[in-house]
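Here is how the chains run, residue by residue.
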There are 2 protein chains.
Amino acid sequence: MATLADVAALAGYNKSTVSRALTRPEMVAPETLTRILGAADQLGYVLNRTASQLARGRTGLAAFVVPTLENAFFAPIIGGAQARAAASDLHLTVTVAPLTTSAEVAALSRLASQVDGLILAAPRGEDAHVRAIGTVKPIVLVDREIPGLPSVVADTATAIGTVVTGLAARGHRRIAYLGGPAGSWQDPGRAASASSAAALAGVELSVHGPFPATFAAGVASAEEVLATGATAVVPYATALALGLMLALRGRGVHVPEDVVVSAEATVTDALGAPGTPAIDVDGEELGRAAMDLLTSGTDETRRLPVHVTWSS
Amino acid sequence: MATLADVAALAGYNKSTVSRALTRPEMVAPETLTRILGAADQLGYVLNRTASQLARGRTGLAAFVVPTLENAFFAPIIGGAQARAAASDLHLTVTVAPLTTSAEVAALSRLASQVDGLILAAPRGEDAHVRAIGTVKPIVLVDREIPGLPSVVADTATAIGTVVTGLAARGHRRIAYLGGPAGSWQDPGRAASASSAAALAGVELSVHGPFPATFAAGVASAEEVLATGATAVVPYATALALGLMLALRGRGVHVPEDVVVSAEATVTDALGAPGTPAIDVDGEELGRAAMDLLTSGTDETRRLPVHVTWSS
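Residues numbered from 1 in each chain as written. Chains lettered and ligands numbered in written order. Predicted model: local features only at pLDDT ≥ 70, side-chain atom pairs only at ≥ 80, totals over all residues. Heavy atoms only, no water.

Under the annotation held in an unreviewed UniProt entry, chain A carries the name DNA-binding LacI/PurR family transcriptional regulator and is attributed to Catenuloplanes nepalensis.

Printed below as a string of structure tokens:
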């Protein structure tokens, strides 16, 4: 097992600088911090968190880190985590950081030093970037898995397989899957699940994208979707679904009579679209489960089931 | 001018309890706190904030309070405020509190005691509830005005008047305004501005609502809108606009050829809808302006212009 001295040797700093970087990152220059965190990660060095935390005392603060606030998907997750945090006498602070650059990693490491722990929702950076934060304080991942780190994931991959199977059973022979943003951890699993369900049912599946999870991308995808002859479409996100539906209807395509587009239940219910599948993640449950893992200190990987319903 | 003793007498507590409630609300029971804040507000008692803060030292934390995280409208405002906070060496924590109950006021007062100041975005509670928070720490309002409190408001009322005038100039004789949620501070001003612009241009304006700012409400409004014979619709929020457009197209109504529906530019641009007005609030600018007021301590009321553009 790697020691503090190993990390110091690899990073090229003395032990006291390394110790400071790992326990009080706000005292260290960003480049130094990045190098030390990189070395610690490379060697798999794990700080004895409990001891160092007890020494410094509890802050009563936890951080919930999102890559963006523009995706409404995170709101109920934050709500669930906040409710559970309050029950543990923790105040939850919300911060935006996609973690794609080492400058962001350094900035978040500083914040990490001021809280008791962090929940990282769908971080977009490399594994090493995410692990670096976990070197400073306990972290729990939401909607991403990295070996050795505790995580809670909504099992949308299985749900999308169920949807494709159900669409095939309802007579759809050509189905299109609209993929999510490049770098999304969830997207490859969903595409794979859709493909194997289609193969098993003997129907065609085309995979499109990557698309950002936006209304405009949904509108722009309409032509490509129509060219496939698909009678059912499973988009990665509701914003994509809304843009696609509006563009299809604008071209005189009947939705859902000619083409079924899956979305979340609030949308399919409002539209009263018979035979349309709705995929709903219980965000509050995800948030509660993540906070439970953080406060209990359990190194667990949880996959929560995702609800599929069919409008009638 | 009211003194601490006046507040104590009205609330029925001794002066030391009142002083503690106003400076360290976390030390006082919720019911006590609510009564004391109510009395302070009723008497217009203003704590000498600067003195009490200097005495307690700076926390380096500011709070951004939103009524909900489900409205994407707040994301760029938080982003702008966060960038400006970082420049002042403040960390901005984001908290959800609609401030409609006195229990929420008490909880937020506790949080207020742990930060240097708060930005309250579109709080839904009564003036007295909002003022109570301002008794604990400096606050700045966003998208709401209360006499005597600093605020930054996006002048959507003027923008909506401009939109109605422009629609009339483009030949629309019947225009519908879809109002926002009950209790929205912005809604009455927008409706009044739309009505006076319509009267001035000699066209008919029907006002509908209140509607929650949701997709489902937009879908449900289609029948009522069609019954008015309106050829142009100005909805309170983009989610309403999306639901309405999808429902209209689903009924074979051509959007924008038969009915123009205003939205934000990302939506009208994506749809390529000629003659459609887009109303865009610069959320980041709102957030920066609010943080500037908070850090400078200026008791100012600012109204920022809102951009109106027309798709061609």
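Picking up after the structure, the text goes on.
This part is about the pattern of salt bridges. The final tally for this structure, using the stated rule, is 14 salt bridges over all chains. Note that R302 of chain A and E300 of chain A form a salt bridge whose closest N and O atoms lie 2.9 Å from each other. Exposure remark for E300 of chain A: the relative accessible area of 31% places this residue in the partly exposed category. Linking E145 of chain B and R303 of chain B is a salt bridge whose minimum nitrogen-to-oxygen distance equals 2.7 Å. One end of the pair, E145 of chain B, is in the loop between β4 (139-142) and β5 (151-154); the other, R303 of chain B, is in strand β11 (residues 301-304), and 158 residues separate them in sequence. For E145 of chain B, a relative accessible area of 18% puts it in the buried group. Residue R303 of chain B is classed as exposed on the basis of its relative accessible area, which comes to 52%. (Salt bridge = Lys/Arg side-chain N within 4 Å of Asp/Glu carboxyl O. Buried < 20%, exposed > 50% of the residue type's maximum accessible area, 1.4 Å probe, protein only. Helix = DSSP H or I, 4+ residues; strand = E, 2+ residues; numbered from the N terminus.)

This part is about the sheet that holds strand β11 (residues 301-304) of chain A. Residue and element names in this part refer to chain A. Pairing within the open sheet is parallel, and its six strands lie in the order β2-β1-β3-β4-β5-β11. Two strands close off the open sheet at either side, each with one partner strand: β2 (91-96) and β11. Strand-to-strand twist in this sheet, taken as the mean axis angle between neighbours without regard to direction, amounts to 20°. Sheet topology note: the strand β1 (residues 61-66)/β2 ladder contains six bridges and is parallel. Looking at the pairing, L61 lines up with H91 of β2. On top of the sheet, helix α5 (residues 74-87) reaches β1, β2, β3 (117-121) and β4 (139-142); it is set at about 155° to β2, its chief contact. (Pairing = 2+ DSSP bridges. Axes fitted to C-alpha atoms, helices over the stretch in contact; angles between N-to-C directions. Contact = heavy atoms within 4.5 Å.)

We now examine unusual backbone geometry. Residue and element names in this part refer to chain A. V255 connects to P256 through a cis peptide bond whose omega is 10°. With respect to the helices and strands, the residue P256 is situated in the loop between α12 (238-250) and β9 (260-261). Its identity is not glycine, yet D143 carries a phi of approximately 60°, on the positive side. Structurally, the position occupied by D143 is in the loop between β4 and β5 (151-154). Take D143: its relative accessible area is 7%, and that puts it in the buried class.

All names here are of chain A. Domain annotation for chain A reports domain 1 (4-149 + 284-310) and domain 2 (156-280). Computed over C-alpha atoms, the centres of domain 1 and domain 2 are 34 Å apart. Tallying the contact residues gives eight residues for domain 1 and 15 residues for domain 2. When domain 1 packs against domain 2, close to 1100 Å² is buried across both sides, 62% of that on carbon and sulfur atoms. It is V306, V308 and W310 in domain 1 that bury the most area against domain 2; as a group they hold 54% of the surface buried on that side. The residue makeup of the side of domain 1 that touches domain 2, split by class, is three nonpolar, two polar and three charged. (Domains from an automatic or database assignment. Buried area = accessible area lost by both parts, 1.4 Å probe. Nonpolar A, V, L, I, M, F, W, Y, C, P; charged D, E, K, R; others polar.)

Moving on: the relation of the copies chain B and chain A. Taken as rigid bodies, chain B and chain A are interconverted by a rotation of 180° and an axial shift of 0.0 Å, the fit giving an RMSD of 0.1 Å. Viewed as a symmetry operation, the transformation between the two copies matches a two-fold axis. Both copies contact each other with a shared surface, as 100% of the interface residues of chain B are interface residues in chain A too. (Least-squares fit on C-alpha atoms with pLDDT ≥ 70 in both.)

This next bit is on the interface of chain B and chain A. Listed per partner, the contact involves 25 residues of chain B and 26 residues of chain A. Where chain B abuts chain A, roughly 2200 Å² becomes buried across the two surfaces, and 74% of that area is made up of carbon and sulfur atoms. If you sort the residues of chain B by the area they bury against chain A, L69, L246 and R249 of chain B come out on top, with a joint share of 26%. Connecting chain B to chain A are three residue pairs in polar contact (both at pLDDT 80 or more). Of all elements in the fold, only α5 (74-87), β2 (91-96), α10 (215-220), α12 (238-250) and α13 (265-271) of chain B reach the threshold of two or more residues within the side of chain B that touches chain A. (Polar contact = N/O pair within 3.5 Å; in protein donor to acceptor, adjacent residues only side chain to side chain.)

Counting residues in each nonpolar core, the largest one holds 144 residues, and the members touching the most others are F64 and M245 of chain A together with F64 and M245 of chain B. If sequence neighbours within four positions are ignored, M245 of chain A has contacts with V255, V261, A263, V267 and L271 of chain A together with L246 of chain B. (Core = buried A, V, L, I, M, F, W, Y, C linked by side-chain atoms within 4.5 Å.)

So, about the sheet that holds strand β9 (residues 260-261) of chain B. All names here are of chain B. In spatial order, the strands read β7-β6-β8-β9; together these four strands make up an open sheet with parallel pairing. Taken across any chain shown, the strands that pair with only one partner, and hence form the sheet edges, are β7 (204-208) and β9. The sheet contacts of helix α9 (residues 186-201) involve β6 (174-178) and β7, and relative to β7 the element is tilted by about 165°.

What follows is about the environment of V140 of chain A. Residue and element names in this part refer to chain A. Along the chain, V140 turns up in strand β4. Taking the C-alpha atoms as reference points, V140 and T301, separated by 161 residues in sequence, lie 9.5 Å from one another. Once residues within four sequence positions are removed from consideration, V140 is found in contact with L118, I119, L120, P150, S151, V152, A290, L293 and L294.

What follows covers helix α3 (residues 30-43) of chain A. Residues and elements named next belong to chain A. Its 14 residues give α3 an end-to-end C-alpha distance of 20 Å, which sits within 8% of 20 Å, the value for a rise of 1.5 Å per residue. Every buried residue belonging to α3 is among T32, L33, I36, L37, A39 and A40, and all of these are buried. Looking down the long axis of α3, one finds its buried residues gathered within 160° of arc, a one-sided arrangement. Those residues of α3 that are exposed and aimed more than 90 degrees away from the buried face are E31 and Q42. Where α3 is buried, its residues touch α1 (4-11), α2 (15-23), α6 (102-113) and α7 (127-136). Looking one or two places after α3, you find G44, whose phi comes out positive at around 65°. (Expected span 1.5 Å × (residues − 1). Arc of directions from axis to C-beta.)

Let's shift gears to the side chain of K137 of chain A. Residues and elements named next belong to chain A. Assignment of secondary structure puts K137 in the loop between α7 and β4. An unpaired buried charge is present at K137: no salt bridge exists, and D116, the closest side chain of opposite charge, is 5.5 Å distant. Side-chain polar atoms of K137 contact the backbone oxygen of V115, separated by 2.5 Å. (Lys, Arg positive; Asp, Glu negative; His and termini not counted.)

With that settled, the discussion passes to the packing of α1 of chain A against α2 of chain A. Residue and element names in this part refer to chain A. In the contact formed by α1 and α2, the axes pass within 9 Å of each other and the chain directions differ by 105°. Classified by the angle between their axes, α1 and α2 sit roughly perpendicular to one another. When α1 is examined against α2, the residues L4, A5, V7 and A8 are found in contact with a partner set consisting of K15, V18, S19 and L22. Its residues assigned to classes, the contact of α1 with α2 comprises six nonpolar, one polar and one charged. (Parallel < 35°, antiparallel > 145°, perpendicular 65-115°, else oblique.)

Residues and elements named next belong to chain A. It is the contact of α3 with α7, at a shortest axis distance of 9 Å, that shows an interaxial angle of 95°. On the basis of their axis angle, the class for α3 and α7 is roughly perpendicular. On α7, the residues that touch L37, A40 and D41 of α3 are A128, R131, A132, T135 and V136. Split into classes, the residues belonging to the contact of α3 with α7 amount to five nonpolar, one polar and two charged.

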